[in-house]
Amino acid sequence: MFIDELVKYCNEEYKKRACNHCNKKGSCSEACKGNCKNCLDDIHFHKNVYRDDYSCEKLLDFYVCRYSYKYCSEIIYALEQVDLYKYPYFNILSLGCGAAPDLMAFKYMNYPQELRYSGIDSNSCWKKIHTYIENEFDNPNVKFYRNIDVLTYFNNYKFEGTNILIIQYLISYFYKNIGPFNLIGWFNSLANNIVKYKPVDSPLLIIINDVDSKNTGRDIFPRLIDQIKNLGFQINYEIRKRFKDEAYFKNSLQYQNNDNKFKIPQFLYDDYCVARYCESVQLIIEVK
């Protein structure tokens, strides 16, 4: 599987790359002891003692090894909930794409349709990994665009022809930084500049996959549906799913299991603390 090749590449890069300086907070050796797990936990638990962001290539190599299988598995679970036979092709737009675990999920599903993929991310440090994927994925229609702030980009630019829109682990980050009111405004931009220009020969599938914890914007997900309906579009279906027992996401149904879809080598568990189980919540909708 290509995801195995990507993780292997990032593992090799991580092992040979020296530790960089951690933005404004001093060197890694002085702060996080050169352990990227400490830096990631520092970001994800909003402590920001060592780091404020992901602007480090070594950190991103670690990130891919730690999270790719989990994030990819979660998208696979979502894709298994829908029947994509009526989609004549896949023109995927991934917001906050990172290392493209959603692209790996489509590869795993092995659909027969032609696939185009546009991954957008604000972090320029993904360049090395994006270049590897573009060169090795064996599909010239896989492209990445960095240094783009998706919070403001769709205020001024439209994106035509998208029939798969994926927003993965992005809303929770925005919710913390801009709050619910501004998120609703962002949903309005997505509706007016992406959904409005969906292809006429295909429905549009939207998958939101994000953190399942309190105060991270779960309950605001459906406001995207409101913005889409305001444009006169119909929703063919709406699916709400979760992996955990607690029903934090209102009216969500729990998956029967939360197992990672991949067989992961033990050394990755040991070296990168790879997540063994899926934990997200999901909103899956189809626009007619």
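See the structure above.
What counts as what
- Residues numbered from 1 in each chain as written.
- Predicted model: local features only at pLDDT ≥ 70, side-chain atom pairs only at ≥ 80, totals over all residues.
- Heavy atoms only, no water.
- Salt bridge = Lys/Arg side-chain N within 4 Å of Asp/Glu carboxyl O.
- Helix = DSSP H or I, 4+ residues; strand = E, 2+ residues; numbered from the N terminus.
- Buried < 20%, exposed > 50% of the residue type's maximum accessible area, 1.4 Å probe, protein only.
- 1 Å grid on protein atoms, 1.4 Å probe; cavity = no way out; pocket = protein on both sides within 12 Å on 5 of 7 lines; lining within 4 Å.
- Points joined across faces, edges and corners; volume = space filled by probe spheres on them.
- Nonpolar A, V, L, I, M, F, W, Y, C, P; charged D, E, K, R; others polar.
- Pairing = 2+ DSSP bridges.
- Arc of directions from axis to C-beta.
- Contact = heavy atoms within 4.5 Å.
- Core = buried A, V, L, I, M, F, W, Y, C linked by side-chain atoms within 4.5 Å.
- Expected span 1.5 Å × (residues − 1).
- Right-handed = clockwise from strand over helix to strand, strands pointing away.
- Axes fitted to C-alpha atoms, helices over the stretch in contact; angles between N-to-C directions.
- Parallel < 35°, antiparallel > 145°, perpendicular 65-115°, else oblique.
- Left-handed = near helix turned anticlockwise from the far one by under 90°.

With that settled, consider the pattern of salt bridges. All chains considered together, the criterion is met by 10 salt bridges. In this structure, lysine 16 engages glutamate 13 in a salt bridge whose closest nitrogen and oxygen atoms are separated by 2.9 Å. Of this pair, lysine 16 and glutamate 13 both sit in helix H1 (residues 2–16), separated by three residues, roughly a single helical turn. The exposure class of lysine 16 is exposed, given its relative accessible area of 63%. Looking at glutamate 13, the relative accessible area reads 11%, which means it is buried. A salt bridge links lysine 86 to glutamate 286; its shortest N-O distance comes to 3.0 Å. Of this pair, lysine 86 sits in the loop between helix H3 (57–79) and strand S1 (90–95) while glutamate 286 is found in strand S8 (residues 281–287), placing the two residues 200 residues apart along the sequence. Residue classification places lysine 86 among the partly exposed positions, given a relative accessible area of 39%. One salt-bridge network, held together by shared partners, links Glu13, Lys16, Asp61 and Lys128.

The rolling of a water-molecule-sized probe over the atoms marks out the regions of remaining empty space. Estimates place the volume of the second largest pocket at around 210 Å³. As for the second largest pocket, its lining consists of Phe90, Leu103, Phe106, Lys107, Asn110, Tyr111, Gln113, Glu114, Leu115, Phe137, Asp138 and Asn139. Top element by residues in the lining of the second largest pocket is helix H4 (residues 101–109). It accounts for three residues. The class makeup of the residues in the lining of the second largest pocket is six nonpolar, three polar and three charged.

Here the focus is the pairing of strand S6 (residues 235–242). In this structure, S6 lies alongside S8, joined through seven bridges in antiparallel fashion. When the bridges of S8 are listed, isoleucine 235 appears paired with valine 287.

This next bit is on helix H8 (residues 223–230). One turn of the α-helix equals 3.6 residues, which is why residues spaced by three or four share an orientation. Those residues of H8 not exposed but buried are Leu224, Ile225, Gln227 and Ile228. All buried residues of H8 fall inside an arc of 160° around its axis, so they share one side. Against the buried residues of H8 lie helix H7 (171–193), strand S5 (204–210), S6 and S8.

What follows deals with the nonpolar core. With 65 residues, the main nonpolar core has Leu6, Phe106, Tyr117, Ile129, Ile133 and Leu205 as its most contacted residues. Sorting elements by how many residues they give to this core places H3 first, with 15 residues. Every residue in contact with leucine 6, bar those within four places of it in the chain, is listed here: Val64, Ala99, Met104, Ile129, Tyr132 and Ile133. Core analysis: the second largest hydrophobic core is formed by 33 residues, Phe187, Ile194, Val195 and Phe249 among them.

A word on the side chain of glutamate 74. Within the secondary structure, glutamate 74 is located in helix H3. Among the residues examined, glutamate 74 registers a relative accessible area of 0% and is labelled buried. Those residues in contact with glutamate 74, other than ones at most four positions away along the chain, are Gln168, Tyr169, Asn209, Phe243, Cys278, Glu279, Ser280 and Gln282.

Taking 1.5 Å of rise per residue, 23 residues should cover 33 Å, yet H7 covers just 18 Å from first to last C-alpha, more than 12% shy of that figure. The secondary structure elements touched by the buried residues of H7 are S1, helix H6 (150–153), strand S4 (164–168), S5 and H8.

Time to look at the pairing of S1. Of all six residues in S1, six are buried, a share of seventy percent or more. Of the two faces of S1, the one lined by Phe90, Ile92 and Ser94 and the one lined by Asn91, Leu93 and Leu95 are each fully buried. Sheet topology places S1 next to strand S2 (residues 115–120); six bridges connect them, and they run parallel. Directly across from serine 94, in S2, lies its bridge partner glycine 119. Each parallel crossover has a hand, and for S1 linked through H4 to S2 it is right-handed. Relative to S4, S1 runs parallel, the two sharing four bridges. If you follow isoleucine 92 over to S4, its bridge partner there is isoleucine 164.

In contact at an axis separation of 9 Å, H7 and H8 are set at 45° when each is read in the N-to-C sense. Taken together, H7 and H8 sit at an angle that is classed as oblique. Between H7 and H8 the crossing geometry is right-handed. Only Arg223, Leu224, Gln227 and Ile228 of H8 make contact with H7, whose side of the interface consists of Ile184, Phe187, Asn188 and Ala191.

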